[in-house]
Amino acid sequence: MTSRTTPGLARFNALPEPAATAELHEACASSAWGSKLLAQRPFTTADALYAASDAVMAELTADDLAEAMAGHPPIGRPKPGDPTSSREQAGMAGASAELKAEMLDLNLAYQDKFGHVFLICATGRTGEQMRDAVRDRIGNSPEQEREIVRTELGKINRIRLARILEEESA
């Protein structure tokens, strides 16, 4: 548990609103999530920021979640030139051509069913684990899947917020 204000948190708290908005938008494409977090600054600890993020995530509407998901590329196809999506999807980087092709097919089937990309906190997962997750989740109802996506987004946001807090100066 983080009990003190770190240099990275102090930097984030002190950022002018446009710069803080830009950093939060890089973490999560939901404008509602970002604006609600900004309204709660300053945060006294990293844990307070993470708890606020989780609380805001729990309140997001279906439209807010859709906006957040639109900022995520499909698994196996990170955004060119985007180190964040490449780093987070590293488990697919060394995957076989067969696994990549299967993941593409599964992504398309998932997107056809749910109307959005398959979203999973890919950090630390292998290509096979991500494939197995999409196979398992494609049978979910849209309501079940929306809540799983909300949970996965929350995990991703925490990882990305931690990276923001690692930065000590602008």
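Use the structure listed above.
## Looking at the overall build of the protein
Move 1: Looking only at helices and strands, the protein has 10 helices and zero strands in total.
Move 2: Each helix (α) and strand (β) of the protein, taken in turn from the N terminus, gives the series α-α-α-α-α-α-α-α-α-α.
Move 3: In terms of overall dimensions, the protein is globule-like: its C-alpha atoms have a radius of gyration of 17 Å, near the 15 Å expected for 170 residues.
Move 4: The C-alpha extent of the protein, read off along each of the three principal axes, is 45 × 35 × 30 Å.
Move 5: When each of the 170 residues of the protein is scored for burial, the buried share is 45%.

## A short note on the pattern of salt bridges
Move 1: Applying the stated criterion across every chain, the model contains 11 salt bridges.
Move 2: Taking the shortest distance from any N to any O, the salt bridge between Glu23 and Arg11 comes out at 2.9 Å. One end of the pair, Glu23, is in helix α2 (residues 17–27); the other, Arg11, is in helix α1 (residues 7–14), and 12 residues separate them in sequence. As far as the burial class goes, Glu23 and Arg11 line up, both buried.
Move 3: One network of salt bridges, in which partners are shared, links Glu102, Arg131, Asp132 and Arg135.

## Quick word on unusual backbone geometry
Move 1: Residue Pro42 follows Arg41 across a cis peptide bond; omega there is 0 degrees.
Move 2: Its location among the elements puts Pro42 in the loop between α3 (31–38) and α4 (46–59).

## A look at the side chain of Arg131
Move 1: Structurally, Arg131 can be placed in helix α9 (residues 127–137).
Move 2: Its relative accessible area of 16% is what places Arg131 among the buried residues.
Move 3: With residues near it in sequence (within four places) discarded, Arg131 still touches Leu99, Glu102, Met103 and Leu106.

## With respect to the nonpolar core
Generally speaking, soluble globular proteins have nonpolar side chains that are buried together.
Move 1: Within the largest apolar cluster, 44 residues are counted, with the highest numbers of intra-cluster contacts made by Phe12, Trp33, Leu37, Ile75, Phe118 and Leu153.
Move 2: Elements with a contribution of two residues or more to this core: α1, α2, α3, α4, α5 (62–69), α8 (97–114), α9 and α10 (142–166).
Move 3: Residues within four places of Trp33 in sequence aside, it is in contact with Leu24, Ala27, Cys28, Ser53, Val56, Met57, Leu60, Asn157 and Leu161.

Parameters and conventions
Residues numbered from 1 in each chain as written. Predicted model: local features only at pLDDT ≥ 70, side-chain atom pairs only at ≥ 80, totals over all residues. Heavy atoms only, no water. Helix = DSSP H or I, 4+ residues; strand = E, 2+ residues; numbered from the N terminus. Rg over C-alpha atoms; globule rule 2.2 N^0.38 Å. Buried < 20%, exposed > 50% of the residue type's maximum accessible area, 1.4 Å probe, protein only. Salt bridge = Lys/Arg side-chain N within 4 Å of Asp/Glu carboxyl O. Contact = heavy atoms within 4.5 Å. Core = buried A, V, L, I, M, F, W, Y, C linked by side-chain atoms within 4.5 Å.

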